[in-house]
Amino acid sequence: MSTLITNIAELMTQDAEHRVLKDAAVMIEGERISWLGPATAAPAADDSVDAGGRALLPGWVDSHTHLIFAGDRTAEFEARMAGESYSAGGIAVTTDATRGTSDFDLTRLALGRVAEAVSQGTTYLETKTGYGLDVENEARSARIASTVADEVTYLGAHLVPAGADAGEYTDLVCGPMLAAVRPYAAWADVFCEQGAFNEEQSRRVLRACRDAGLGLRVHGNQLGEGPGVQLAVEFGAASVDHVNYLSAADVDALAGSWSGWQGSGTRGTVATCLPACDLSTRQPLAPGRELLDAGVPVALASNCNPGTSYTSSMAFCVTTAVLQMRLSVHEAVRAATYGGALALHRESGNDVDGERAVGSIAVGHRADLHLLNAPSATHLAYRPGIPLTHAVWRAGVRAR
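Residues numbered from 1 in each chain as written. Predicted model: local features only at pLDDT ≥ 70, side-chain atom pairs only at ≥ 80, totals over all residues. Heavy atoms only, no water.

## With respect to the side chain of T272
Logical step 1: Considering the arrangement of structural elements, one finds T272 in strand β11 (residues 270-273).
Logical step 2: Only 3.3 Å separates the side chain of T272 from the side chain of D241, close enough to count as a polar contact.
Logical step 3: The contacts of T272, once residues within four sequence positions are left out, are S63, S239, V240, D241, H242, V243, A299, A301 and A343. (Helix = DSSP H or I, 4+ residues; strand = E, 2+ residues; numbered from the N terminus. Polar contact = N/O pair within 3.5 Å; in protein donor to acceptor, adjacent residues only side chain to side chain. Contact = heavy atoms within 4.5 Å.)

## A short note on the nonpolar core
Logical step 1: One finds Y154, V243, L291, V333 and L380 to be the most contacted residues of the largest nonpolar core, which totals 84 residues.
Logical step 2: Residues contacting L380, with those up to four places away along its chain left out, are L57, W60, A315, V318, T319, V333, L372 and L388.
Logical step 3: Core analysis: the next-biggest nonpolar cluster, separate from the first, contains 18 residues, I5, L36, I361 and A367 among them. (Core = buried A, V, L, I, M, F, W, Y, C linked by side-chain atoms within 4.5 Å. Buried < 20%, exposed > 50% of the residue type's maximum accessible area, 1.4 Å probe, protein only.)

## Digging into the sheet that holds strand β14 (residues 389-394)
Logical step 1: Spatial strand order, β3-β2-β1-β4-β13-β14-β15: 7 strands in an open sheet with mixed pairing. Strand pairing shows two members of the sheet lacking a second neighbour, β3 (32-38) and β15 (397-398), which therefore form its edges.
Logical step 2: Relative to β15, β14 runs antiparallel, the two being bridged by 2 bridges. Considered in β15, the bridge of W393 is made with R398. (Pairing = 2+ DSSP bridges.)

## What about the sheet that holds strand β10 (residues 239-242)?
Logical step 1: Spatial strand order, β5-β6-β7-β8-β9-β10-β11-β12: 8 strands in an open sheet with parallel pairing. On the outer flanks of this sheet lie β5 (60-62) and β12 (298-300), each paired with one strand and no other. Shown here is a sheet whose adjacent strand axes are inclined to one another by a mean of 25°, direction ignored.
Logical step 2: The pairing of β10 with β11 spans 3 bridges and is classified as parallel. Paired with D241 across the two strands is T272, which belongs to β11.
Logical step 3: Against the sheet, helix α14 (residues 329-336) engages β5 and β12, with an angle of about 75° to β12. (Axes fitted to C-alpha atoms, helices over the stretch in contact; angles between N-to-C directions.)

## Points about the packing of aromatic side chains
Logical step 1: Tallying each qualifying case throughout the model produces 4 aromatic pairs.
Logical step 2: For the pair F69 and Y131, a centre-to-centre distance of 6.2 Å together with 75° between the ring planes defines the contact as edge-to-face. Of the two residues, F69 is situated in the loop between β5 and α1 (74-81) and Y131 in the loop between β6 (122-128) and α4 (135-148); the sequence distance between them amounts to 62 residues.
Logical step 3: Note on F69: relative accessible area 0%, which makes it buried.
Logical step 4: Judged by centre distance (6.3 Å) and plane angle (40°), the ring pair of Y169 and F197 falls under tilted. Linking Y169 in helix α5 (residues 166-174) with F197 in the loop between β8 (187-192) and α7 (199-211), this pair joins segments that are 28 residues apart in sequence.
Logical step 5: With relative accessibility at 4%, the residue Y169 sits in the buried group.
Logical step 6: Taken together, the aromatic side chains of F69, Y131 and Y310 make up a single cluster linked through ring pairs. (Phe/Tyr/Trp six-rings, centres within 6.5 Å; stacked < 30°, edge-to-face > 60°.)

Below you can see the structure in the form of structure tokens.
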């Protein structure tokens, strides 16, 4: 079954050539993109969709979310808006609620959040554990996550539970807990931050998870300069997320991690910016402009979670990146599509290897498409706050 989407005013491919096509069309066959080009040259198809002069983008790739949770933290948010400073300790409130919620309800809540994200153009997303914080509940969270998300990250190293010894808990994270979640997760993360895990503990977690065969990610440099970025680069982590406070050495390390990528294929560490979280916690926005200018690939993600960024709107993140982080529209859209795919090692893949790329529109890639109710992607920033998603295809299936 083939479907031709035609009469596209602007097709922002985010492919290797960064092409933006006018008066274009795209062919979907099954879950893949089989053709794209000028609408006047489009091949015949079994079905067709008239885009009506709208803009077509890759679906958003949200590479950082925390969707497996229960409970409410509006009181914490209100206190923060009244002037209290953010600290990592609020996670404990969600942990208590999550542990007390049934599998059925945790799954139902997570599926609702995924549906909300898809309705706004997100077609590929990662989510983490981290609100169980014991062996049984971390394994349960990972299992549920594997049924609702495209990528699962183990975040047992989110916070040391109240009353627990930090060393003993780190042993648990690196041992029995890791073994319990391993069947469900492809990634591991650590919150390397004041009030969470220090450098030594973070290093132990990263080493154990790497040795277990998991890809690595790091929460780092959110509340101040610290070792998170340097650890991420040292361990070859796919991404370091938050990156609000960076030294010149941190930026150089991130840029240097990509120095041989084109020649050798050795990828570096993506800097993932989480602007919705920055606004909610009243932290300085991550220096996305400076990172891009230094040659560091940047991703944008929602960080959807109950305490510091309760939104799944990638469009909001793109708008903020343009209006306040000084990214161009094209750069911001690329960070929210191709950048997220790069942070998840899903930017490449085709008909030959069977792992179809996401985050860009090219022949052989997964047909993840986001049709805007606007003639160009510029409207995402030009009309802030206006819901512009008109239609969504996820792996070739129309989801909205």
